[in-house]
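The lines below spell out each chain.
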Amino acid sequence: MKHTDFGRMPCPIARSLGKVGEWWSILILRDAFYGMTRFDEFEKSLKIAPNMLTRRLAGLVEGGLMERRQYSARPPRYEYVLTKAGRDFKPVLLAFIAWGNDHLAPEGASLLVVSRETGKPADQVLVDANSGLAINDEDYMFAPGPAATDMMRSRLIEVGKHA
């Protein structure tokens, strides 16, 4: 099945989905943050078919989120490590954890983000690094950036009337 190419869309959300929007890719990134690097580790953890895993890893490498590095010459073996772009995906995973725990875990959280020092769970909020304020609907809004298309600008103006 041919997927729509979001790479040329002027929306950062659409472009991001083009790189990692397939659920296997996000789960591979999750496992990479857990410390997994080798094909067999991902395969065992995810219980994913080898051909599917091969395609997803290749896509993450092509997309610049992971790097394929040879760790054995005989036989040739490779590991997959996060690139800077891949490591920068961590806040997205943290948001998935918080949202999933809040809305999809009636039995309670199965995964927490905790302080290394105290072991206490983090109360995750998105913060504006410039002001130190939590980003919320009352104080922050979407606005067109310098490269926004006319369509995006008009969409944001229309949304702003109803927000």
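Since the structure is predicted, the reported quantities are computational estimates derived from the model, not experimental observations.

A. Spatial organisation of the pattern of salt bridges. Per the stated rule, a full pass over the model turns up four salt bridges. The salt bridge partner of glutamate 22 is arginine 56, with a shortest N-O separation of 3.0 Å. Of the two residues, glutamate 22 is situated in the loop between helix H1 (12-20) and helix H2 (23-33) and arginine 56 in helix H4 (residues 50-62); the sequence distance between them amounts to 34 residues. Salt-bridge contacts for aspartate 88 lead to lysine 84; the nearest nitrogen and oxygen are separated by 2.7 Å. Residue classification places aspartate 88 among the partly exposed residues on the basis of a relative accessible area of 48%. When its relative accessible area of 54% is taken as the criterion, lysine 84 is described as exposed.

B. Examining the domain arrangement of the chain more closely. Annotation of the chain at the domain level lists domain 1 (1-106) and domain 2 (136-162). Using C-alpha coordinates to define each centre, domain 1 is positioned 30 Å away from domain 2.

C. Main features of the UniProt feature "domain: HTH hxlR-type" (unreviewed entry) in the chain. Sites flagged by UniProt as "domain: HTH hxlR-type" (unreviewed entry) map to residues 11-108. Its end C-alpha atoms 35 Å apart, residues 11-108 is made of 60% helix and 13% strand.

The rules behind each value
Residues numbered from 1 in each chain as written. Predicted model: local features only at pLDDT ≥ 70, side-chain atom pairs only at ≥ 80, totals over all residues. Heavy atoms only, no water. Salt bridge = Lys/Arg side-chain N within 4 Å of Asp/Glu carboxyl O. Helix = DSSP H or I, 4+ residues; strand = E, 2+ residues; numbered from the N terminus. Buried < 20%, exposed > 50% of the residue type's maximum accessible area, 1.4 Å probe, protein only. Domains from an automatic or database assignment. UniProt positions renumbered as here; feature names shortened; annotations may be inferred.

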